[in-house]
Amino acid sequence: MEIISAIITCAGTVVPSLCECLRHRCNYLLHHGGNTSILKVKVEALEAQRKDVQVLVDSATSALKDIKSEVQDWLKSADELLKEEEEANKGCCLNCCSRYKLGKKAVKMASQIDNLIARRERFGSDVSQPPQVRRLEYRIASGEVFQIFSSTEKAMRKVRNDLKDASVVGVHGMGGVGKTTMVEHLAVTALKDKLFDHVVKVTVSQTVNLINIQNQLARGLGLTFRNDDTEEDRKDKLRRKLINVLIILDDLWKPIDLFKVGIDVGVLKTSNSKILLTTRKKDVCNLMDSRETNLDQLSEADSWSFFASIVGTISDDSAEFESIRKKVAKECGGLPLVLQTIAKTLRTKDLVVWTITLDRLKQSRPANDDNDEETRMFLVLKLSYDYLKEWQARYFLLCCLFPEDHNISKEELARYGMGLNLFENKTRIMEEARGDSVMIADKLIDSGLLLKGDKEGQVKMHDVMRDMAIRITRPSKEAQTASSSSDVNEVFLVIADGILKVDAKYTGISLMSDELRSLPDALDCPTLQILLLQDNKYILRAIPDNFFATMNALKVLNLNGLQATSLPSSIGSLGNIRVLYLDHSKLKDVAILGKLKNLEVLGLKGSHIEALSEDLGQLRNLRLLDLTQCPYIKTIPSKLLSGLKSLEELYMQGSFADWELVDGSNSTIEARKASFGELVNLPCLTVLKVDISNVECISSLELQSLPNWRKFNICLCRSKYVRSKIEMFSGSNTKFPRNLVLDLSMKKLPSWFLDLLSEQSVKSLIYTHNDEVLNILEEYEVGHLDNLMSLSVEDMDHDAPLMSMKSPKENPVFERLDKLCFHHIGLMEKICVGELPIGSLAKLSSLEVKQCNALVSSLLSSNLIKRLATLKVLNVNGNIGVTDVFGFEGLEEGHLYLKNLKELRLNNLANLVNIWKGSAGFATFTNLKLVTVIKCEKMTHLFSVSMCQSLQQLEDIWVEDCSAMKEIIENDQANSSTINVELPKLKTLSLQNLPQLTRFYVHNANLQCPSLEYLHVVNCPFFTAATADFHSSNQVQENNEQHMKLLRKRISVAWVYIREYIFVKL
């Protein structure tokens, strides 16, 4: 009877739920016509709203105002939704199945449009914001701490005084004396002292290019030029932006006409803007009508102090060794760059090497002439170069082919180095060449010969070092008097300065960013090995047909940005070419490249080619082929790719995706396309980045062994639109070595592919636009995702929880997962159902939930909170139904949860009332440092008094646009006459647009915030607290604009789409 009773009880529960579920789904079919009609009306409304917003944006843009990121995101979402609706309308309702799907999609899209229109109402007609101008992020290029010596202190004091009443201030001195470092330090100080709102640094260099100067200024001012802007338009836009700005014009070699750039010196004073320039020549300061200051070399005492600090402790502390070191420092002539470079070169050497170096330094003293000091500096610096091995020296010289202050990619240097046989071991594979490039770059940085670039994976060359390298590579007898132990005979042309004068001895020519207007009919350079023509808007419009005819030794050629639709016939004569770049070119036919039998690296990224010619199958030595973002490629001939037996790396994302089915049913015999099996069977392929439009392309493949893809990005999605959207974020490089994007379940993948994911350990996975009901716990088991580190589920119409533990299990799931993201899951009401096994999510540090509008009640229920012991960052955005973030009901007494949480970011949660539900005693926020709450319109308070007891590490609070917020800290303690509230680490409190906020804490509280430094209160008309009420031991700064911008930038970075975490440079 008990069993029967249980069955009846179960049936009484399940059957109604089942009926409700069936009724819900039948409505999609029965009301298909009505749903699509409603959708049509709403689409028209959205289109009208889209046009209105675009008009406002265009108006703001023409007025040089910055558009709010919220508005940009809204426009993007509207465009995506309208495009999705247009694609959906292409389907035909021929049967019940298709009517059901379209009806379901219509309901979903109508709901999404409602949400978009609601978001539109929130920002109204206010689409712009105060310009977010890029501040100068000060960092001494060498990575060393800035040191002030007597000479720099004197010069800095004079420059500071000059900036008070002079519009143009100039600093002159020898190359390497530290002019750039000093003015950057002055700029940072000026920002801290609020003398300027913004600093923009422009590198001018020897070859003056006014357009390049304008572009640098525009980037620094957050300004974008249009393609159709005239010269006057550009100047006018710049002039209107120059308000309270310090402009650094670095490394002037001759005067420039500031008015032609867009800088009116006459109005600088009224706009509180200044120009600070650096040059090696005093005459330039005078001709620029600047208030000039000379930066002298360091004194002997300062030189020794600086030199000794870099050398560090040496095991041999004898008086003899110290005497030698002091003499070497003296020979460096008081130039910080020289002192630093020589010190870094010698600091690991013994006494014998130091003594030999001292003798060579003394011998390097040139005879007295007009350039005595500069020549002496180059000869001294060259001693560090002379200690390099051959391949290190050639790598260093290779860097001078790039423009001054250019961020040089180590990846590009690796590819060039392979083409030039530069590395020590001449028989390389691409990955080893990459490793060597990094190793040599680090060695040169450590020696002071190169600088770290602005981004990871980049290097820079100090202008003095570049000048030295150019001198070494000049085709003159003086340049070939190298006493170097390395046998390097490079002869380079680096600066054409508008006139191309060719020497038959040249081994390298770079015309990057040069003003050269045309190329000669032919270039007689039989010894030329590397030719760089990229970033040149004139000469790449057309290349003479015989231009390459006599370049028999050429190995590396860069024609990125080529505007011609075909290549000159003479390129087919480059029999020794090994590296060829044609990225972002307008080429449509590349069949001639099949003649380049020794080609190893071919870059066609972002080009306009429409098909790959069968002739390319003759490139038997090709190791790397980059076809990223070539959307015009419609077909790849069958057996072309399988013939590239040496291919190690293939990049094709955002390009061809319609691979031939195994049975050939998706094309005719005459037009047979490449099959995915051709890639699987390439013997040397280790890096693959590719799109696949149909899973059947890989389903029927029969493999003898798994491919050895040590790195892969594979996007398996039916929609070209989705693939292109993914590619927008991914590019051709990733943070993780093995990444997968799917619009289907793991269950539909062939067994060999699942084995590959297991063996190679996929690290990053994105599910997107999946029509199936997805349970990521089942996906974990099917896909063997034990080593997965990043998981994102997005753009799905799910009404079931994504994490559903249907039956108890012992083995943990996702135990190595670091980041988890749910975006735009339309109908999901709960994230997790059931108890996850102990050990699950054991390393999860970041969780993001965005635009999951059907979620209700607590965002994170107790069953999930139990497994978030390592969570550090929680980002929640746009989940309309959520009323509280943490649901503590059902947790065990005596356990403290969320103790590692450091950042809590809540944005656009229309129904959020509380951060937690239940007793706050279940959580300890002892490591919480940052809390941001934006557009949570039902929240009346942020914390309770009892919760504050655990906020001992809290540093930043940002509350904005919360219309119901009345107080930050609410009293939840009964019968307490005096309440002690202490936030010992709180540094920044920002309260903006809070119309009902009256106070920070309850009246009878004793508040202590001893570390408070910044208080921002904007548009809070009833807020009465003063800085003294916080009892800070610091002098609290109120409404500091610079600090607000920095904090806003820090906050906005965290809202960047999760794929920007996944897809960044290796």
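See the structure shown above.
Conventions and cut-offs
- Residues numbered from 1 in each chain as written.
- Predicted model: local features only at pLDDT ≥ 70, side-chain atom pairs only at ≥ 80, totals over all residues.
- Heavy atoms only, no water.
- Patch = residues over 30% accessible without salt bridge, like charges linked within 9 Å, V, L, I, M, F, W, Y side chains within 5 Å.
- Areas by Shrake-Rupley, 256 points an atom, 1.4 Å probe, with all protein chains shown as cover.
- Salt bridge = Lys/Arg side-chain N within 4 Å of Asp/Glu carboxyl O.
- Lys, Arg positive; Asp, Glu negative; His and termini not counted.
- Charge placed at Lys NZ, Arg CZ, Asp CG, Glu CD.
- Helix = DSSP H or I, 4+ residues; strand = E, 2+ residues; numbered from the N terminus.
- Buried < 20%, exposed > 50% of the residue type's maximum accessible area, 1.4 Å probe, protein only.
- Contact = heavy atoms within 4.5 Å.
- Pairing = 2+ DSSP bridges.
- Axes fitted to C-alpha atoms, helices over the stretch in contact; angles between N-to-C directions.
- Left-handed = near helix turned anticlockwise from the far one by under 90°.
- Nonpolar A, V, L, I, M, F, W, Y, C, P; charged D, E, K, R; others polar.
- Core = buried A, V, L, I, M, F, W, Y, C linked by side-chain atoms within 4.5 Å.

Turning our attention to a positive patch on the surface. On the surface, a cluster of positive charge is made up of Lys872, Lys902, Lys929, Lys985 and Lys987. Checked against the element boundaries, Lys985 lands in the loop between β37 (979-982) and β38 (988-992). Classification of Lys985 by relative accessible area gives partly exposed; the value is 35%.

Moving on, we come to unusual backbone geometry. Of note in this structure, Asp251 is not a glycine but carries a positive phi near 65°. The topology assignment puts Asp251 in strand β5 (residues 245-252). By relative accessible area, which is 6% here, Asp251 ends up buried.

A few words on the pattern of salt bridges. Across all of its chains, the model carries 37 salt bridges by this definition. When the shortest N-O distance is used, the salt bridge between Asp165 and Arg291 registers 3.4 Å. You can see Asp165 sitting in helix α5 (residues 150-165) and its partner Arg291 sitting in strand β7 (residues 291-294), a full 126 residues away along the chain. Across the pair Glu431 and Arg434 runs a salt bridge whose closest N-O atoms are separated by 2.9 Å. One end of the pair, Glu431, and the other, Arg434, are both in helix α19 (residues 430-446), 3 residues apart, so they sit about a helical turn from each other. Judged by its relative accessible area of 31%, Glu431 falls in the partly exposed class. Beyond isolated ion pairs, a larger network of salt bridges with shared partners links Glu411, Arg415, Glu431, Arg434, Glu649 and Lys711.

So, about the environment of Val873. Structurally, Val873 can be placed in strand β29 (residues 873-877). Separated by 26 residues in the primary sequence, Val873 and Leu847 place their C-alpha atoms 6.4 Å from one another. Non-local contacts of Val873, meaning those with residues more than four positions away in its chain, are made with Ser845, Ser846, Leu847, Leu901 and Glu903.

Strands in a sheet are paired, the pairing made by backbone hydrogen bonds, and the direction either parallel or antiparallel. Read across the open sheet, the 3 strands follow the order β28-β30-β32; overall the sheet is parallel. Only two strands of the sheet have a single neighbouring strand rather than two, namely β28 (857-860) and β32 (914-917). Adjacent strand axes in the sheet meet at a mean angle of 50°, parallel and antiparallel pairs treated alike. Pairing between strand β30 (residues 882-887) and β32: 3 bridges, direction parallel. Each bridged residue has a counterpart across the sheet, and for Asp884 the counterpart in β32 is Asn914.

On to helix α20 (residues 463-472), then. With 9 of 10 residues buried, α20 is to be regarded as a mostly interior element. Within α20 the residues assigned to the buried category are Asp463, Val464, Met465, Arg466, Asp467, Met468, Ala469, Ile470 and Ile472.

Now for the pairing of β37. Side-chain alternation along β37 places Ile979 and Val981 on a buried face and Asn980 and Glu982 on a face that remains uncovered. When β37 meets strand β39 (residues 1005-1008), the two strands line up parallel, connected through 4 bridges. Looking across to β39, one finds that Glu982 is bridged to Gln1008.

This next bit is on the packing of helix α18 (residues 410-419) against α19. Here α18 crosses α19 at 115°, and the two axes come no closer than 8 Å. As α18 packs across α19, the resulting crossing turns out to be right-handed. From α18, Lys410, Glu411, Leu413, Ala414, Arg415 and Met418 reach across to α19, where they touch Met430, Ala433, Arg434, Ser437, Val438, Ala441 and Asp442. Considering only residue class, the contact of α18 with α19 consists of 7 nonpolar, 1 polar and 5 charged.

This part is about the nonpolar core. Trp659, Phe676, Phe814, Phe822, Ile831 and Phe886 are the most contacted members of the largest nonpolar core, which has 179 residues in total. In terms of residue count, helix α24 (residues 751-760) provides more of this core than any other element does, 5 residues in total. Other than its neighbours up to four places away in sequence, Phe676 contacts Trp659, Glu660, Leu688, Val690, Ile692, Cys697, Ile698, Leu701, Trp709 and Trp752.

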